[in-house]
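Structural characterization, general
Now for the letters of each chain:
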Amino acid sequence: MFVSLLYSQKGTQKQIDTSLVDTTGFIQYYIIDGDTIPHEAINLDEVIILRRLKFKDKLSRRRYLILRRKTRKVYPYAKLAAERLTTLNNRLESIQSKKKKKRYIKILQKYMEEEFTAELKKLTRTEGQILVKLIYRQTGNTMFQLVKEYRSGWKAFWYNSTAKLFNISLKEKYDPINVEEDYWIEDILQRSFQSNILKEQKTVLGFSFYDLRNKWSDTTKTASGKN
């Protein structure tokens, strides 16, 4: 769709042809009645400015480093799971037959199990729980919901009960707004994205890291003031 802009000069109106605007580089050129008018524009990606980390003691720093190691280890699995889910949903939309849909789900399910099972078995309890949270971050669904939708309600219950034996809840959500550990996980992710240690995949959740940082910074200051 072309948009017409009117440029008024000395009581006359000239037509600006924005269909000839060059937006491929850093300079845009407006063609006004045959005259080329340059308009400088620089498109920059959003950059989050991260503050230098400060810890109240050595124990807090150690806990952060441990959480960082575990988060960086499991994030790629959550990212890949979200990609596979997107592929699955896109494919299912093009399949009309319920029988064929079930068949396709089983094929993808088998592929996922063969691809991940051996690696996931190596995760510790805390790594497994972080993975569950990050899958929610990337998909907007708990692991319980995903299993229930794509396998069956009974198997979802069974998976959750089995996970509970290892202190892992498949119903766990990712909530950096209200859960401090989740905020620190998000902090770790943002720093890892900027350092190119992890490849960023946007979260489907609608929170702002700036708001999170401000909230938890204020909360930490208030808590410190009470001590």
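Keep in mind the model is a prediction, meaning the values are calculated, not measured.

1. Regarding the overall build of the protein chain
Counting secondary structure elements, the protein chain contains 7 helices and 4 strands. Each helix and strand of the protein chain, ordered N terminal to C terminal, gives the series β-β-β-β-α-α-α-α-α-α-α. Burial status across the protein chain gives 34% buried among its 227 residues. In the protein chain, 62% of the contacts between residues at least 6 apart in sequence involve partners at least 24 apart. Accessible surface computed for the protein chain: about 16,000 Å², of which carbon and sulfur atoms make up 53%.

2. Structural notes on the pattern of salt bridges
Here the structure, examined in full by the defined rule, presents 7 salt bridges. Here K202 and E200 are joined by a salt bridge, their closest N and O atoms 3.3 Å apart. When its relative accessible area of 62% is taken as the criterion, K202 is described as exposed. Using a relative accessible area of 38% as the deciding quantity, one classes E200 as partly exposed. Via salt bridges that share partners, K133, E181 and D182 belong to a single interconnected network.

3. A word on the packing of helix α1 (residues 58-93) against helix α6 (residues 180-194)
Closest axis-to-axis distance for the α1/α6 pair is 10 Å, and the angle between their directions is 65 degrees. Here α1 lies roughly perpendicular to α6, going by the angle between them. The way α1 lies across α6 gives a crossing that is right-handed. Of α6, the residues touching α1 (which contributes Y64, L67, R68, T71, R72 and Y75) are E181, W184, I185, D187, I188, L189, R191, S192 and F193.

4. Overview of the packing of helix α3 (residues 125-139) against α6
In contact at an axis separation of 12 Å, α3 and α6 are set at 70 degrees when each is read in the N-to-C sense. Relative to α6, the element α3 lies roughly perpendicular. Residues I130, K133, L134 and R137 of α3 lie in contact with α6, whose contacting residues are E181, D182, I185, E186, L189, Q190 and F193. Across the contact of α3 with α6, the residue classes break down as 5 nonpolar, 1 polar and 5 charged.

5. What to know about the nonpolar core
Generally speaking, soluble globular proteins have nonpolar side chains that are buried together. Ranked by size, the top nonpolar core spans 37 residues in total, and within it L88, L131, L134, Y150, Y174, I185 and L189 carry the most contacts. Among the elements of the structure, α1, α2 (98-120), α3, α4 (143-150), α6 and α7 (209-226) are those that each provide at least two residues to this core. The greatest single-element share of this core, amounting to 10 residues, is contributed by α1. Contacts of I185, omitting those with residues within four sequence positions, involve L67, T71, I130, L134 and Y174. Among the nonpolar cores identified, the runner-up in size contains 7 residues, and F144, A156, I168 and L170 belong to it.

6. Section: a positive patch on the surface
Together, R91, K99, K100 and R103 make up a region of like positive charge exposed at the surface. In terms of residue count, the dominant contributor to the positive patch is α2 (3 residues). Relative to the elements of secondary structure, R91 occurs in helix α1.

Calculation criteria
Note that residues are indexed from 1 along each chain, following the sequence as it is written. Confidence filtering applies because this is a predicted model: local features only for residues at pLDDT of at least 70, side-chain atom pairs given and counted only at 80 or more, and all residues used for totals across whole chains, interfaces and linings. The basis for every side-chain value is the complete set of non-hydrogen atoms in the structure, without hydrogens or water. Labels follow the DSSP assignment, with helices taken as runs of H or I lasting at least four residues and strands as runs of E lasting at least two, numbered in each case from the N terminus. Three labels apply to residues, based on accessible area from a 1.4 Å probe with only protein chains included: buried if under 20% of the type maximum, exposed if over 50%, partly exposed otherwise in between. Should any heavy atoms of two residues lie within 4.5 Å, those residues are considered in contact. Where accessible areas are quoted, they stem from the Shrake-Rupley method and a 1.4 Å probe; at the residue level, only the protein chains shown are allowed to cover. A pairing counts as a salt bridge when a side-chain nitrogen of Lys or Arg comes within 4 Å of a carboxyl oxygen of Asp or Glu. Lines fitted to the C-alpha atoms define the axes, with helices restricted to the stretch that makes contact. Angles between their N-to-C directions range from 0 to 180 degrees. Between 65 and 115 degrees an angle is taken as roughly perpendicular, under 35 as roughly parallel, over 145 as roughly antiparallel, and anywhere else as oblique. Two helices that cross are described as forming a left-handed crossing if the nearer one is turned anticlockwise from the farther one by less than a right angle, and a right-handed crossing if clockwise. Three classes are used, and their members are as follows: Ala, Val, Leu, Ile, Met, Phe, Trp, Tyr, Cys and Pro are nonpolar, Asp, Glu, Lys and Arg are charged, and the others, Gly among them, are polar. Residues belong to one nonpolar core when they are buried, are Ala, Val, Leu, Ile, Met, Phe, Trp, Tyr or Cys, and are joined through side-chain atoms within 4.5 Å. Patches draw on residues past 30% relative accessible area with no salt bridge. Two like charges within 9 Å are joined, as are two nonpolar side chains (Val, Leu, Ile, Met, Phe, Trp, Tyr) within 5 Å. The convention is simple: Lys and Arg are positive, Asp and Glu are negative, and His and the chain ends are not counted. The atom standing in for a charge is NZ when the residue is Lys, CZ when it is Arg, CG when it is Asp and CD when it is Glu.

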